Amino acid sequence: MVIHGGAGTILRSRLTPVMEKAYIDTLTIALRTGYEILQRGGSSLDAVEAAIRIMEDCPLFNAGKGAVFTANGVNELDASIMDGKTLGAGAVAAVEHVKNPISLARMVMEKSPHVMMVGSGAEEFAKTQGVKLVPPYYFWTERRWRGFEAARARADSGKTTALPGEGNHFGTVGAVALDKAGNLAAGTSTGGTEMKRYGRVGDSPIIGAGTYANNLSCAVSGTGDGEFFIRNNVAADICARVRYSGVSLQQAADDVVMKELVAQHGGGGVIAMDRTGNIATPFNTEGMYRAWVTSDGKITVRIYKD
Ligand code: ASP
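This is a predicted model, so every value here is computed, not measured.

Reading the values: the criteria
Residues numbered from 1 in each chain as written. Predicted model: local features only at pLDDT ≥ 70, side-chain atom pairs only at ≥ 80, totals over all residues. Heavy atoms only, no water. Helix = DSSP H or I, 4+ residues; strand = E, 2+ residues; numbered from the N terminus. Rg over C-alpha atoms; globule rule 2.2 N^0.38 Å. Buried < 20%, exposed > 50% of the residue type's maximum accessible area, 1.4 Å probe, protein only. Contact = heavy atoms within 4.5 Å. Areas by Shrake-Rupley, 256 points an atom, 1.4 Å probe, with all protein chains shown as cover. Lys, Arg positive; Asp, Glu negative; His and termini not counted. Charge placed at Lys NZ, Arg CZ, Asp CG, Glu CD. Patch = residues over 30% accessible without salt bridge, like charges linked within 9 Å, V, L, I, M, F, W, Y side chains within 5 Å. Salt bridge = Lys/Arg side-chain N within 4 Å of Asp/Glu carboxyl O. Near = heavy atom within 4 Å. Polar contact = N/O pair within 3.5 Å; in protein donor to acceptor, adjacent residues only side chain to side chain. 1 Å grid on protein atoms, 1.4 Å probe; cavity = no way out; pocket = protein on both sides within 12 Å on 5 of 7 lines; lining within 4 Å. Sits in = over half its atoms within 2 Å of the grid points. Nonpolar A, V, L, I, M, F, W, Y, C, P; charged D, E, K, R; others polar. Points joined across faces, edges and corners; volume = space filled by probe spheres on them.

K.L.:
Whenever I open this one, the overall build of the protein chain confuses me. Can you help?
P.N.:
When its secondary structure is counted, the protein chain shows eight helices and 12 strands. Whereas a compact globule of 306 residues would reach a radius of gyration of roughly 19 Å, the protein chain reaches 18 Å, a difference of no more than 12%. Counting only C-alpha atoms, the protein chain reaches 55 × 45 × 35 Å along its principal axes. Within the protein chain, the proportion of its 306 residues that are buried is 57%. Sequence separation of at least 24 residues holds for 69% of the intrachain contacts in the protein chain that already meet a minimum separation of 6. Carbon and sulfur atoms form 54% of the exposed surface of the protein chain, whose accessible area is close to 12700 Å². Each charge class in the protein chain can be summarised by its mean position, and for the 32 positive and 31 negative side chains these summaries are 2 Å apart.

K.L.:
Sorry, what's going on with a nonpolar patch on the surface here?
P.N.:
Side chains of Val115, Met116 and Val118 sit close together on the surface and give an oily, nonpolar patch of about 240 Å² of accessible area. Checked against the element boundaries, valine 118 lands in strand β4 (residues 116–118).

K.L.:
Please explain the site of the ligand as it appears in this structure.
P.N.:
In the vicinity of the ligand, the contacting residues are Phe170, Thr172, Gly192, Thr193, Arg200, Gly202, Asp203, Ser204, Thr223, Gly224 and Gly226. Contact distances for the ligand include 2.7 Å between an oxygen atom and a side-chain N or O atom of threonine 172. A distance of 2.8 Å is found between an oxygen atom of the ligand and a side-chain nitrogen or oxygen belonging to arginine 200. Structurally, the ligand is housed in the largest cavity. Taken together, the residues of the shell around the ligand break down into one nonpolar, eight polar and two charged.

K.L.:
What is the right way to read empty space enclosed by the protein from this model?
P.N.:
Sizing a probe to match a water molecule and rolling it over the atoms shows the empty space that remains. All chains considered together, the criterion is met by one cavity of 30 Å³ or more. Taken together, 13 residues form the lining of the largest cavity, with Thr172, Thr190, Gly192, Thr193 and Gly224 sitting closest to its centre. Here the lining of the largest cavity is composed, by residue class, of one nonpolar, 10 polar and two charged.

So far we have only geometry, and geometry alone does not tell us how the molecule works.
As structure tokens, this is what we get:
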């Protein structure tokens, strides 16, 4: 299993040891939770959902509790999940009152005939499934609010680009897993990009762009500049390369993330796993929170390039 907690301007010099440890601890807990499910013979879908829920509940990540603010000062959450065995998929976008969007995405997949639901319609559906909606202030965190105020001040003063490391507070979360039955699954959850316009939807809830899984090829979850991931259909493209052109997972993921996206100045990264358990975690930003566990239970956590 592999998980990520977002890619972006993550520099060693900017992360205090306390923050670094907090990220490593949460990534480890999320991964171990998923791994235990897989070890017990549980499904890759269950493992992906459980790991993502832990990161959604943690204010460090830009998903669920730690979501960034839109230009209107609210939180709009996107998530999706895909089953590599059946190609079943579920997604929600622009929800404002759902504590764990990944679980609602799974409900869309399993309890509705649809793949994607947005906004108030998705929340109406959540209520029919017994999901308790949370008030908007559940998502308020001091760190994200400060980031929002700084971004707004920059915008007001006409500075469109953030200082290095100040903007690009990515932190989207995702997971890919392969279970004992040989089934792949992928999921992604995000608050989107900071200061996004009201109603903007990124790649994370778009099947094929931010999330894709197919037992015939691979499972992918992406993070980065969503518009580029949508235009390049990143997750599905990596799987298609593996399936049709016979290149390795690493090669396919590198070609898309390190060549195609870089050529277009699209920042970000992916985590990917193929049907034999090979993994790839390329990113073209300074860092990407990422962690993986092998079938013997060995956990590796990485943040920076080295
Ligand atoms: N890809 C996400 C989006 O564009 C953001 C991120 O991964 O940081 O909404």
